[in-house]
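Chain by chain, the residues:
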Amino acid sequence: MPSPDITPGAPCWIDLMTSDAAKAKQFYGELFGWDFQTGDEEKYGGYITASKNGKSVAGLMQKDETMAGFPDAWSTYLRSDDAAATAEAVTAHGGQVFMGPMDVPEQGHMAMFGDATGAAIGIWQPREMTGFELVAEPGAAAWHELHTKDYATAVKFYQDVFGWDTDVMSDTPDFRYTTLGKGDSAKAGIMDASAYLPAEVPSNWQVYFAVEDADASIEKAVGLGARVIDGPDDTPFGRLATLADPTGAMFKIVADTRQGTGDPADSGDTTGA
């Protein structure tokens, strides 16, 4: 399979900040069939790269004491051709710089921001590491989605900062949804979550992983220590469920998603997970 076509502003990588890297490796390795390679401690802080069938799909990082107060979580990274310019654009359009652009030797530059609605989002300016090498296949990321409490502000932020060419998929009081790209070319989505996200839950990005069989994957995940947060539900985009891994990091799975057709989100999920 050819490498994914990752355009500027589109999702290009995901990683997990975890309080127990060994447990995370065991869980995701068994659930998704991932293999792992740990990077040099001095150069890369022991960053762990996960691969499926020899193709990189995600990263894992053991949290240090500075992250002790934050929950374990998956992060989505958008591609940037100029990390410093993106940081300036983020602040100019109402966002926050959580971690300024930093050089990852030989690999690229990364940064973490809060968008104008408070959701955390990463960026990656590639050099040798260009991003994930497998998408929308079992064991790899299938979709990336922002659940936001301020839909209009979020859409404008990603248009202004990342140059998103957006398409309105739905604009009803019950379901407002905008995608990056249209139809077969859609690469991410923004959902109006103002009606269901609890006050204590901030706007947030969520990652969907493709699986062959949602029910079998749920059974396996629970056996490995996961919790089912929501679902499974049958939708026009596949069978969906929201899970929390053994240390509490939330993620979604989708079976039989139609590759490249966009959002698998219209599932009735109101958990904010």
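Residues numbered from 1 in each chain as written. Predicted model: local features only at pLDDT ≥ 70, side-chain atom pairs only at ≥ 80, totals over all residues. Heavy atoms only, no water.

Enquirer: Explain the overall build of the chain to me, please; I cannot follow it from the model alone.
Expert: What the chain contains, in helices and strands, is 5 helices and 16 strands. Since a compact globule built from 273 residues should have a radius of gyration of about 19 Å, the 17 Å found for the chain is in line with a globular shape. Projecting the C-alpha coordinates of the chain onto the three principal axes gives extents of approximately 50 × 45 × 40 Å. Residues counted as buried form 50% of the 273 residues belonging to the chain. Counted over contacts in the chain with a minimum sequence separation of 6, partners at least 24 positions apart contribute 62%. If you sum the accessible surface of the chain, you get close to 12000 Å²; carbon and sulfur atoms cover 49% of it. For the chain, the separation between the mean place of its 18 positive charges and that of its 42 negative charges on side chains is 1 Å. (Helix = DSSP H or I, 4+ residues; strand = E, 2+ residues; numbered from the N terminus. Rg over C-alpha atoms; globule rule 2.2 N^0.38 Å. Buried < 20%, exposed > 50% of the residue type's maximum accessible area, 1.4 Å probe, protein only. Contact = heavy atoms within 4.5 Å. Areas by Shrake-Rupley, 256 points an atom, 1.4 Å probe, with all protein chains shown as cover. Lys, Arg positive; Asp, Glu negative; His and termini not counted. Charge placed at Lys NZ, Arg CZ, Asp CG, Glu CD.)

Enquirer: Just checking my understanding: could you explain the nonpolar core for this structure?
Expert: Buried together is how nonpolar side chains tend to be arranged in soluble globular proteins. Tyr28, Phe32, Trp34, Trp74, Phe209, Phe251 and Ile253 are the most contacted members of the largest nonpolar core, which totals 31 residues. Listed by contribution, the elements that provide at least two residues to this core are β1 (11–18), α1 (21–32), β3 (48–52), β4 (55–62), β13 (204–211), α5 (214–223), β15 (238–244) and β16 (250–255). It is α1 that provides the largest number of residues to this core, a total of 6 residues. Ignoring sequence-local partners within four residues, the contact set of phenylalanine 251 consists of Phe27, Tyr28, Leu31, Phe32, Trp74, Val207, Phe209, Ala241, Thr242, Leu243, Ala244 and Asp245. Counting 24 residues, the second-largest nonpolar core is a separate cluster that includes Ala89, Ala111, Leu146 and Tyr158. (Core = buried A, V, L, I, M, F, W, Y, C linked by side-chain atoms within 4.5 Å.)

Enquirer: What is the right way to look at helix α3 (residues 83–92) in this model?
Expert: Every α-helix winds through 3.6 residues per turn, so residues three or four apart in the chain are directed the same way. Within the span of α3, buried status applies to Ala83, Thr86, Ala87, Ala89 and Val90. The buried residues of α3 occupy one face: seen down the axis, they fall within an arc of 165 degrees. Those residues of α3 that are exposed and angled more than 90 degrees off the buried face are Glu88 and Ala92. The inward-facing, buried residues of α3 contact β6 (96–104), β7 (108–114), β8 (120–126) and α4 (151–162). The N-terminus of α3 is capped by aspartate 82, whose side-chain oxygen sits 3.2 Å from the backbone nitrogen of alanine 84. Among the residues trailing α3, glycine 94 stands out with phi positive, at a value near 95 degrees. (Arc of directions from axis to C-beta. Polar contact = N/O pair within 3.5 Å; in protein donor to acceptor, adjacent residues only side chain to side chain.)

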